[in-house]
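Structural description and commentary
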Amino acid sequence: MRKGVLLAYILLSVSITLVAQESVENSFQGTRLVNGQSANLAEKGELILLIQHRFGDVSGGFYELFGLDQTSMRLGFEYGFGDRLNLGVGRSTWLKTFDAFIKGRILQQTSEFPFSLVVSAGGSLPTIRDYYPEQYDNFSDKISGNVQLHLAKKMGRIGLHLSPGFLKTGYLPDIGQSLSLYTLGTSGSLSVSKKVSVNAEYLVPFSDDIQGENTFSIGVDLGTRGHLFQLVMTNNQRMFHQAIYTNSTGNWTDGNLFFGFNLIREFDINKPLEF
């Protein structure tokens, strides 16, 4: 009993100390780095509309209008319950996949504390018909789940981000099985100005069963009033967690890349709309 009281006192003291210190905003502007989750959260009462597009392979040249003849899309919503908790849902055109996640802030970088720490957990479910083998077409066979820690640190104009995690996939038709694996996301950001930053992201799945290259992406964040526009060049056309680690189909060396964007619109549902 005394140990429990002492632990509670220590945690309370740490929380009060961190609150009293000056918070340091993360270098990454959005709730997404490029493809993966960042350590940023929607604020209390804030609703985020996230429209993501990835066009086709740019190596198709002018005949395919450098990929614009084809597109993959995800539509998502994220909402801030308080200052430390987010819930999000989305739907991707690829395999008609629904996804959902919960995301919580544990620690925020301050003038005295060196980094921010956020945890996220989520899952996805493809709903496409007549695609999976009959014996693997059940709900329990196709659903995936993941958990990640997100550590972010800002140093002047530079931001660093590290996301170790664990992923349990659903049945993967191109591999012929489901997988359980550790993952690692690494990212860096350079703030060019208050509203413009350049980002790089590298995602690693630790499994020899996954074919293709690891996902490497670069992006440019352009902030405007109420919007964040992220331009993206990547070797992965997918936009939900399982697929960005297990379904990279492009290759930077061969020039098989996908151009796209993330359009993020923020709404404060407690205030009148501003345009």
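Look up a bit, the structure's there.
1. Points about the pattern of salt bridges
One pass over the full model with this rule turns up 3 salt bridges. The salt bridge involving D99 is made with R74; its shortest N-O contact spans 2.9 Å. Highlighted residues: D99 in strand β4 (residues 97-107) and R74 in strand β2 (residues 71-81), separated in sequence by 25 residues. On the basis of relative accessible area, D99 is assigned to the buried category, the value being 10%. Two residues, D137 and K142, come together in a salt bridge whose shortest N-O distance is 3.2 Å.

2. Re a nonpolar patch on the surface
On the surface, a nonpolar cluster with roughly 490 Å² of combined accessible area is contributed by M155, I158, L160, L190, V192 and V198. Checked against the element boundaries, L160 lands in strand β7 (residues 158-168).

3. Considerations on the sheet that holds strand β8 (residues 180-191)
Pairing within the closed barrel is antiparallel, and its 12 strands lie in the order β1-β2-β3-β4-β5-β6-β7-β8-β9-β10-β11-β12. Direction aside, the axes of adjacent strands within the sheet are offset by 20 degrees on average. Of the pairings in the sheet, the one linking β2 to strand β3 (residues 85-92) comprises 8 bridges and is antiparallel in character. Bridging across to β3, F77 finds its partner in V89.

4. Regarding the nonpolar core
With 8 residues, the main nonpolar core is built from L167, L172, L179, L181, L203, I210, I244 and Y245. Here L179 is in contact with L167, K168, T169, L172, S207, D209 and I210, once residues within four sequence places are set aside. A42, I48, L50 and L228 belong to the second largest nonpolar core, which has 5 residues in total.

5. A short note on the environment of F113
When you line up the elements, F113 lands in the loop between β4 and β5 (116-126). Overall, the relative accessible area of 22% leaves F113 in the partly exposed class. C-alpha of F113 to C-alpha of S23: the two residues are 90 residues apart in sequence and 9.0 Å apart in space.

6. With respect to the pairing of β5
Relative to β5, β4 runs antiparallel, the two being bridged by 10 bridges. Bridged to F98 within β5 is L125.

7. Quick word on the packing of aromatic side chains
Tallied over the entire structure, the rule returns 12 aromatic pairs. For the ring pair F113 and F115, a centre distance of 5.1 Å and an interplane angle of 50 degrees mean the geometry is tilted. Both rings, one in F166 and one in Y182, keep their centres 5.4 Å apart while their planes meet at 65 degrees; by these two values the pair is edge-to-face. Here Y182 lies in strand β8 and F166 lies in strand β7, a separation of 16 residues in the sequence. For Y182, a relative accessible area of 57% translates into the label exposed. Members of the aromatic cluster, connected to one another through ring pairs, are F55, F229, F259 and F261. Of note, K142 hangs over the ring of Y132, and the distance from its end group to the ring centre comes to 5.5 Å. Lying over the aromatic face of F267, R265 brings its terminal NZ or CZ to 4.7 Å of the ring centre.

Cut-offs used in this document
- Residues numbered from 1 in each chain as written.
- Predicted model: local features only at pLDDT ≥ 70, side-chain atom pairs only at ≥ 80, totals over all residues.
- Heavy atoms only, no water.
- Salt bridge = Lys/Arg side-chain N within 4 Å of Asp/Glu carboxyl O.
- Helix = DSSP H or I, 4+ residues; strand = E, 2+ residues; numbered from the N terminus.
- Buried < 20%, exposed > 50% of the residue type's maximum accessible area, 1.4 Å probe, protein only.
- Patch = residues over 30% accessible without salt bridge, like charges linked within 9 Å, V, L, I, M, F, W, Y side chains within 5 Å.
- Areas by Shrake-Rupley, 256 points an atom, 1.4 Å probe, with all protein chains shown as cover.
- Pairing = 2+ DSSP bridges.
- Axes fitted to C-alpha atoms, helices over the stretch in contact; angles between N-to-C directions.
- Core = buried A, V, L, I, M, F, W, Y, C linked by side-chain atoms within 4.5 Å.
- Contact = heavy atoms within 4.5 Å.
- Phe/Tyr/Trp six-rings, centres within 6.5 Å; stacked < 30°, edge-to-face > 60°.
- Lys NZ or Arg CZ within 6 Å of the ring centre and 35° of its normal.

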